[in-house]
Amino acid sequence: MSAAIPIIVNGVIVLLLAPLYDGIVRKIKAIIQSRQGPPITQVYIDILKLLGKEDLRCTRNLLFRYGPPAAFAAFLVVALQTPMGTQPATGLRGDMITWMYFQVLGAALISLTAVAAGNPFSEVGSARETMLMLSVEPVAVAALITAAVKSSSLRIADMIEYNLTSGPTVSLLCGGVAFFLALQQVLGRVPFDIAEAETEIVGGPLVEQSGPNLALLKMAMLIRQMTYCFLLAQIFVPWPKVSPWPIGVIVSLIKVLVIFVLAGVVEAVMPRLRIDQALKYMGRVLFVALAALAFAAIGV
Amino acid sequence: MFQSNVEIAFVILVVGAIISGASRSWKVSGWLAGVFVGAATVVAWIEGVNVLTTGKTVHSTIAQLSLFGTTLAVDLDPLGAGFLLLVTTVTFLATIYSIGYMDVPGPEKPARFYTPLLLFAAGMIGVVSVQDWLVFFVFWELMTLASYILVVFNKEDPVVQRAGLKYFIMTHIASVGILVAALVLWHKTGSFSFEQQAIALRESSSWLRNLLLALYFVAFATKAGIFPLGDWLPDAHPAAPSGVSAILSGAMIKLGAYGVIRIFWQMVGSDLTSRELLTWGVVIAALGTVSAFVGGVTAMRENDFKRQLALSSIGQTGYIFLAMGIGIALLKLKGFQPIALLALMGAGFHILNDAIYKSLLFMNAGSVLYSTGTSDLRKVGGLFAVMPAVAVAAFIGVLSLSGLPPTNGFASKWVIYQSSISAGLVFSPFLVMAVIAFFASLSTFAYALKFFYGTAFLEPPSEEYQPRRLPRTMTFSQTLLALLCVGIGLVPAIGIDSVASVFQMPKHALFRIGTFGEIATTQGVHPLSAIWNPIGLAIALLTCYLLAEWIRTWGKAKVRIVTNWYCGEEHPEREVRFRAQDFYAPFNEIFAKVYPHISVPKVGGLQKLRDLLDFDTWLYRPLVRATTAMVDRIRRSHAGPLQLYMIWQIAGLIVVLIILLSTIR
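Residues numbered from 1 in each chain as written. Chains lettered and ligands numbered in written order. Predicted model: local features only at pLDDT ≥ 70, side-chain atom pairs only at ≥ 80, totals over all residues. Heavy atoms only, no water.

What follows is about the overall build of chain B. The secondary structure content of chain B amounts to 23 helices and six strands. Buried positions account for 58% of the 665 residues belonging to chain B. Looking at chain B alone, contacts between residues at least 24 apart form 78% of all its contacts between residues at least 6 apart. Of the roughly 26700 Å² of accessible surface on chain B, a fraction of 68% belongs to carbon and sulfur atoms. (Helix = DSSP H or I, 4+ residues; strand = E, 2+ residues; numbered from the N terminus. Buried < 20%, exposed > 50% of the residue type's maximum accessible area, 1.4 Å probe, protein only. Contact = heavy atoms within 4.5 Å. Areas by Shrake-Rupley, 256 points an atom, 1.4 Å probe, with all protein chains shown as cover.)

Written as structure tokens, this is what we have:
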């Protein structure tokens, strides 16, 4: 397989298909809530339109200007490291630790951009985002470590391979459940859209962003959502095994769509939680993840 | 005259301590100290690199006291050489930094600062280059004493006094452990040398051996600042002048780790049974994990940024101990030695990286303090515009502390996670430790990157003040350290290879360095396969960034400068600021019970326990008061009219004469 293929495949998926998936979810939510809803291309239109809007600068801070593209880049690198039906390119190979930390790098940059804006709303949003991250990432890491222990490898590709050939196992299923329960929060959807909370703190970290930078931030968040869903689908539900890679890509795309739709349904029927409730919820989910680790340790 | 360069470096420092103390001008003294430390650093590097490349121990005897079985000799092996390079380099940069920082207007003389600073450095050099416990103890005490004088530099401040006292007493009581253990073993062999005592330790009964090991461990862990023994650390580090904090955190507390490695890995590693090693290893790793967690969570609710950094030192030492513990635990388990070596590599690598970014961060904090005059996060802000170079350096520093790529902090955490997950295959609690360590690393991001960096450099200040510009010497040290952070982060092979030579591991035993700097675990040796391509990922990051910048230009958006938007109302910036202390309020509530607010419930009998835990009231203060009273009494015998002295002298003469006359006959 040529080195360029995985880069192109991943790039197309996260850059071109992510807005479509978000559009579909918005449509489904509207149907559940008996609304007409926007067309499924709405997210593309929003982003393209934002690129041409005025670039408002409320501060001369360099991070305010350069933070969003840098966050976009960090999440894109994470996406390129994730096997989405193909093997990642040689130069981009990494393991779950690099995956996780590049992911945190992106989140850190968004959070710092929000602080640099100097708006109290964005600061509240950024502090909440950080707290949510502190509660959700240990769950994801515990689930990934479970997979690492089972497959004796830290490389994501090896974990997928293991689960394909010798899965399903109790520990990996348990880890998958924990990962799924944490996913809603990573996606930043109701009931966990606490950091943005438009009706409460008017968009949190995004409040001072405008024009091209806002477009990039929105894209960065979409890339992050897509990547996380792919990781869940690939590591914990890798079946069925299909041979030519283009079919594999299509199968995983369908799986990810199912996850997106599930998340959308949850979003449509739930109210937003308070930050302390969300933290307690994640505390419980962590136990599921630790149970997965315990299962892996005893070898099931 | 001198047989080894270490002696030359030591003498340079002692002479420098005298000469730079002689001047009355702070600037002159500072430059003199800088030159002397620089010379000592160069000499130490020549020797250290020589030892590391050849792998041979440099030995030269200076004096022998066969009566006590002790030898004053330089014995620099690769382990000591590695720490020698670390200690001298950090001290050198911190001294250069101090030239600008120590801009003291008061009557204080420079001898009060530079003389102990150079002696401190001399003590540290001595500690790492001898292999005799008595001599080691002397240098160890020199180091502690000199650093105490530096910690209490602002002697008018009662908080500083208290912090210094706590530091002095805690580390002293702990280091007595080294002496006691050494004396017990000396009683058996009649020698203080590392080698002889190790043999004696091997031949002792099992309980005595472990008791002595515990004494050593407590002494070194206290110095390293591991929780709960490192209770002195969050008080002493902020109290000291920032250059000294950088040395304390970047170099001195690493010597605690040096001691533990020396004892457990080199002296008794092969003598203990695998069961003993496993127990010790698990205890050390568990203490490390708890430290990492406690350091991270408590730093999140601190409003003083120097205190925050001190707590982060507890946390980072926790990582080092976690890795060291794993290394010790698996040292003798059949088939798992590669994991042990990997963990030791992680510990060594993290010591190196932590020394670099922690001294950088203390210098950054010092720059903020220098510029604004306060270390309160609720007041500072907006320093990005005042000191852009330091702001960029500090950004790299906090990225590194949080362990984010592409900096060196990530490189060593990558190794530590690998080792703890693979050790989890053998002993599953290590898996949970890995998860906790990851959480702690995220909390590092929460307090360092956002809290400290965001507040001090990005946000507008909450009070009016005139920030001072920084002298060049301060910027120089910080820039250099920041470059080191990125350099090791992009080419971690340099760090891995040098740590391998410190531990005398064969090159590329653990990692295969591929084309373009790709690092992967060697197949078949290591139970977990891991891979990381630092340069490839950095290039990818840069390319993606350029892509993002290109996308930005699509719409040809116009730039307009606006003011902040507060939902349509107009407020002055200062009124609506989100105060730093509320950042993580909901989160801090969950962890409110964690250190340092140890709250014992108020049940009658437990009140006694509370009092018992308050060492200040029943131990430290009475001890100090008694000492002062005694000294005062002695002093009073000397303070008086001249005639009184004469009487004393005559009386003394008479006593001496009587004794002499009665004995001679």
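Next comes the rest of the description.
All right, on to the nonpolar core then. The biggest cluster of nonpolar side chains holds 325 residues, and the ones touching the most others in it are Trp133(B), Phe321(B), Tyr453(B) and Phe457(B). For this core, the element with the highest residue contribution is helix 16 (residues 429-458) of chain B, accounting for 20 residues. (Core = buried A, V, L, I, M, F, W, Y, C linked by side-chain atoms within 4.5 Å.)

Two pairing modes exist for strands in a sheet, parallel and antiparallel, and in both the strands are linked by backbone hydrogen bonds. All names here are of chain B. Here three strands make up an open sheet; going across it, the order is 3-4-5 and the pairing antiparallel. Two strands bound the open sheet, and with one partner strand each, they are strand 3 (511-513) and strand 5 (531-532). Pairing geometry for strand 4 (residues 519-521) and strand 5, over two bridges, is antiparallel. Counterpart to Ile519 in the pairing with strand 5 is Trp532. (Pairing = 2+ DSSP bridges.)

Moving on: the side chain of Asp354(B). All names here are of chain B. Examined against the element boundaries, Asp354 turns out to sit in helix 13 (residues 337-372). On the basis of relative accessible area, Asp354 is assigned to the buried category, the value being 1%. A polar side-chain atom of Asp354 sits 2.9 Å from a polar atom in the side chain of Lys254. The contact partners of Asp354, leaving out residues within four places of it in the chain, are Lys254, Gln316 and Ser359. (Polar contact = N/O pair within 3.5 Å; in protein donor to acceptor, adjacent residues only side chain to side chain.)

Residue and element names in this part refer to chain B. When its domains are assigned, chain B resolves into domain 1 (1-130), domain 2 (146-265 + 600-665) and domain 3 (273-553). Using C-alpha coordinates to define each centre, domain 1 is positioned 23 Å away from domain 2. On the domain 1 side of the interface with domain 2, the three residues burying the most area are Leu79, Arg112 and Phe120, jointly 26% of the side's total. The interface formed by domain 1 and domain 2 includes one salt bridge. Between Arg262 and Asp77 there is a salt bridge, with the nearest N and O atoms lying 2.6 Å from each other. Scanning the region where domain 1 abuts domain 2 turns up four residue pairs in polar contact (both at pLDDT 80 or more). Sorting the residues of the side of domain 1 that touches domain 2 by element identifies helix 3 (78-101) and helix 4 (114-128) as the ones contributing at least two each. (Domains from an automatic or database assignment. Buried area = accessible area lost by both parts, 1.4 Å probe. Salt bridge = Lys/Arg side-chain N within 4 Å of Asp/Glu carboxyl O.)

Scanning the model with the defined rule gives 37 aromatic pairs over all chains in all. Ring geometry for Phe10(B) and Phe139(B): centres 5.4 Å apart, planes at 70°, overall edge-to-face. A residue pair is termed long-range when its members are at least 10 positions apart, and Phe10(B) in helix 1 (residues 5-22) and Phe139(B) in helix 5 (residues 133-151) qualify at 129 residues. Overall, Phe10(B) belongs to the partly exposed group, its relative accessible area being 23%. For Phe139(B), a relative accessible area of 13% translates into the label buried. Aromatic side chains Phe113(B) and Phe153(B) sit 5.7 Å apart centroid to centroid with 75° between the ring planes, which places their arrangement in the edge-to-face category. In this pair, Phe113(B) is assigned in the loop between helix 3 and helix 4 and Phe153(B) in the loop between helix 5 and helix 6 (158-189), connecting sequence segments 40 residues apart. The pair Phe113(B) / Phe153(B) is uniform in exposure class, with both members buried. Within the aromatic cluster, the residues linked to one another by ring pairs are Tyr101(A), Phe410(B), Trp414(B), Tyr417(B), Phe438(B) and Trp532(B). Taking NZ or CZ as reference, Lys413(B) lies 4.7 Å from the ring centre of Tyr319(B), over its face. (Phe/Tyr/Trp six-rings, centres within 6.5 Å; stacked < 30°, edge-to-face > 60°. Lys NZ or Arg CZ within 6 Å of the ring centre and 35° of its normal.)

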